[in-house]
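If you want the building blocks of each chain, they are given just below.
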Amino acid sequence: MKALISRGVGRDLAVEDVHLPATGAGEVRVRIRAAGVCHSDLSMTNGTVVPPYPLVLGHEAAGVVTEVGDGVEWVAVGQHVVLNWSPACRQCWYCRRGESWLCESAGAAAVPRGTTADGTPLHATLGLGALAQEVVVPEHAVIAVPDEVPFEQAALLGCAVMTGAGAVANTAGVAAGDSVLVIGLGGVGLSAVMAARRAGADPVIAVDVSPAKRELALAAGATDFLVSDDTLSKAVRALTDGRGADHAIECVGRAATIRAAWRATRRGGHVTVVGMGAKDDLLSLSALDIFSSARSLRASVYGSADPDREVPELARAVLDGSLNLRPLVSHRITLDEAPEAFARMSRGEGARSVVVF
Ligand code: APR
Ligand code: ZN
């Protein structure tokens, strides 16, 4: 089968022949039908984070179960599924507290799985390696969804939508009438905009460096769009009775945008960091400002969600029409075209590129 491989930081991506292991006990084989390109995939190829290589990219996908290993009861052959890059063990300290997104056994950037055509061991991004025709994964790394959900939208439920929607609802706890600022309008940020609107937030101020994101922002339900520059906090204050936003959701992953989010929230406001940044990108805040502004700063991993419960809820919202994910899919592409999607993403163009198989 074919998969998109990164061989190291800055090296060209290539579609290569890959051998997957046989489906073992407790594992399932999934034929991938759609897979999105997420910024975290880009971050694993450009040095923002440095996982082991060669690496099969991709962690946002949906497909059909084609084989189940011994003892699998979670799903059956023929079931449509969304891949879950942080399956919960349900036994560790975090899972038992109900914080399954922090599960001790999940979350490695890459795990060994399969080989290249010449027998070199491969690693799978976030345990999935989903920019591929097939995956073999632990049974709990899939979530059953109704057959009626289009695969390209189901795929996005597995990362961008769960992450953005969960950050707004679970981590930030946005309520009707709150003012919400979303910085960075890729698949994750646009999902956060949609979730803020669904929660009844007003205004929902969407911000990006790229002026070309205006139409996408408004289609996702933003009430206002701003191009980010040095005047951002002033512009946000002008839209929030001079105070600043109740919530800022940072969906870029840079110290500069976390700081911009901080400055644009009101006294006692909340900054939720969704972006995954680099370890040497340091954030500086004054100790006095932290105290006197009484703001909070929290990170949101996988939307502080339990995807086993919340992905099916989001799937139902797609089917009943209350969650319209169509504006998120800006490019439908083949696997061979995926390297161009990475280049597009590094230029900040479009919403999501989705490989359709
Ligand atoms: N200010 C505002 N917007 C910015 C800035 C900036 N300084 N720098 C980049 N952006 C915008 C880009 O123009 C782009 O529209 O942020 C957006 C990022 O979108 P994508 O690259 O599509 O990223 P996405 O997949 O949505 O992920 C966002 O969440 O899960 C994390 O690792 C992921 O850090 C990434 C973030
Ligand atoms: Zn992702």
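Rules and cut-offs
- Residues numbered from 1 in each chain as written.
- Chains lettered and ligands numbered in written order.
- Predicted model: local features only at pLDDT ≥ 70, side-chain atom pairs only at ≥ 80, totals over all residues.
- Heavy atoms only, no water.
- Helix = DSSP H or I, 4+ residues; strand = E, 2+ residues; numbered from the N terminus.
- Rg over C-alpha atoms; globule rule 2.2 N^0.38 Å.
- Buried < 20%, exposed > 50% of the residue type's maximum accessible area, 1.4 Å probe, protein only.
- Contact = heavy atoms within 4.5 Å.
- Lys, Arg positive; Asp, Glu negative; His and termini not counted.
- Charge placed at Lys NZ, Arg CZ, Asp CG, Glu CD.
- Domains from an automatic or database assignment.
- Buried area = accessible area lost by both parts, 1.4 Å probe.
- Donors = N, O, S within 2.8 Å, 3.2 Å for Na, K, Ca; no water.
- Pairing = 2+ DSSP bridges.
- 1 Å grid on protein atoms, 1.4 Å probe; cavity = no way out; pocket = protein on both sides within 12 Å on 5 of 7 lines; lining within 4 Å.
- Points joined across faces, edges and corners; volume = space filled by probe spheres on them.
- Nonpolar A, V, L, I, M, F, W, Y, C, P; charged D, E, K, R; others polar.
- Axes fitted to C-alpha atoms, helices over the stretch in contact; angles between N-to-C directions.

In this section: the overall build of the protein. When you go through the protein residue by residue, the secondary structure sums to ten helices and 18 strands. On C-alpha atoms alone, the protein measures out to a radius of gyration of 20 Å, which is about the 21 Å that the 2.2 N^0.38 rule sets for 357 residues. In terms of its C-alpha atoms, the protein occupies a principal-axis envelope of roughly 60 × 40 × 40 Å. Counting over 357 residues, the protein shows a buried share of 54%. Residue pairs in contact within the protein that sit at least 24 positions apart in sequence constitute 70% of those at least 6 positions apart. Looking at charge distribution, the protein has the averaged site of its 32 positive side-chain charges lying 6 Å from that of its 39 negative ones.

This part is about the domain arrangement of the protein. When cut into domains, the protein gives domain 1 (2-144 + 325-356) and domain 2 (164-301). The gap between the C-alpha centroids of domain 1 and domain 2 is 28 Å. Each partner contributes residues to the interface: domain 1 has 14 residues there, and domain 2 has 13 residues. Between domain 1 and domain 2 the total buried area reaches about 1,100 Å² when both faces are included, carbon and sulfur atoms providing 71% of it.

A few words now on the coordination of the zinc ion (ligand 2). Only Cys38 (SG), His59 (NE2) and Cys159 (SG) from the protein reach the zinc ion (ligand 2) as donors, at distances of 2.0 to 2.3 Å. Between consecutive donor residues of the zinc ion (ligand 2), the sequence gaps follow C-x20-H-x99-C. Placement of His59 in the loop between β4 (55-56) and β5 (61-68) and of Cys159 in helix α3 (residues 151-172) is noted, with a sequence separation of 100 residues between them. The same class applies to His59 as to Cys159, namely buried.

Let's shift gears to the pairing of strand β6 (residues 80-83). One face of the sheet, then the other: side chains in a regular strand alternate in exactly this way. Burial along β6 is two-sided: His80 and Val82 facing one way and Val81 and Leu83 facing the other are all buried. Inspection of the sheet shows β5 paired to β6 by three bridges, in the antiparallel sense. Counterpart to Ala62 in the pairing with β6 is Val82. Taken together, the three bridges between β6 and strand β10 (residues 142-144) define a ladder with antiparallel strand orientation. Opposite Val82, over in β10, you have Ile143 as the bridge partner.

With that settled, the discussion passes to empty space enclosed by the protein. Evaluated as defined, the whole model comprises one cavity of 30 Å³ or more. Of the pockets and cavities examined, the largest cavity occupies roughly 70 Å³. Forming the boundary of the largest cavity are Met1, Val18, Leu20, Val56, Arg113, Gly114, Leu122, Ala124, Leu128, Gly129, Glu134 and Val135. For the lining of the largest cavity, the secondary structure elements donating two or more residues are β7 (110-116), β8 (121-125) and β9 (134-138). Its residues assigned to classes, the lining of the largest cavity comprises eight nonpolar, two polar and two charged.

Tracing the sequence through the fold places Ser191 in helix α4 (residues 187-198). Of the residues examined, Ser191 reaches a relative accessible area of 3% and is grouped as buried. With residues up to four places along the chain from it excluded, the contact list for Ser191 reads Ala160, Val161, Gly164, Ala165 and Leu328.

Taken in spatial order, the five strands of this closed barrel run β1-β2-β7-β8-β4, and their pairing is mixed. Across two bridges, the pairing between strand β2 (residues 14-19) and β7 is antiparallel. What sits directly across from Val18, in β7, is Thr116.

This part takes up the sheet that holds strand β12 (residues 204-208). Pairing is parallel across the open sheet formed by six strands, whose spatial order is β13-β12-β11-β14-β15-β16. Both edges of this open sheet fall to β13 (224-227) and β16 (296-299), since each of them pairs with a single strand only. Shown here is a sheet whose adjacent strand axes are inclined to one another by a mean of 20°, direction ignored. Sheet topology places strand β11 (residues 180-183) next to β12; four bridges connect them, and they run parallel. Its bridge partner lying in β12, Ile183 is registered against Val207. Along the sheet, α3 contacts β14 (245-250), β15 (265-273) and β16; its crossing angle with β14, the most-contacted strand, is approximately 130°.

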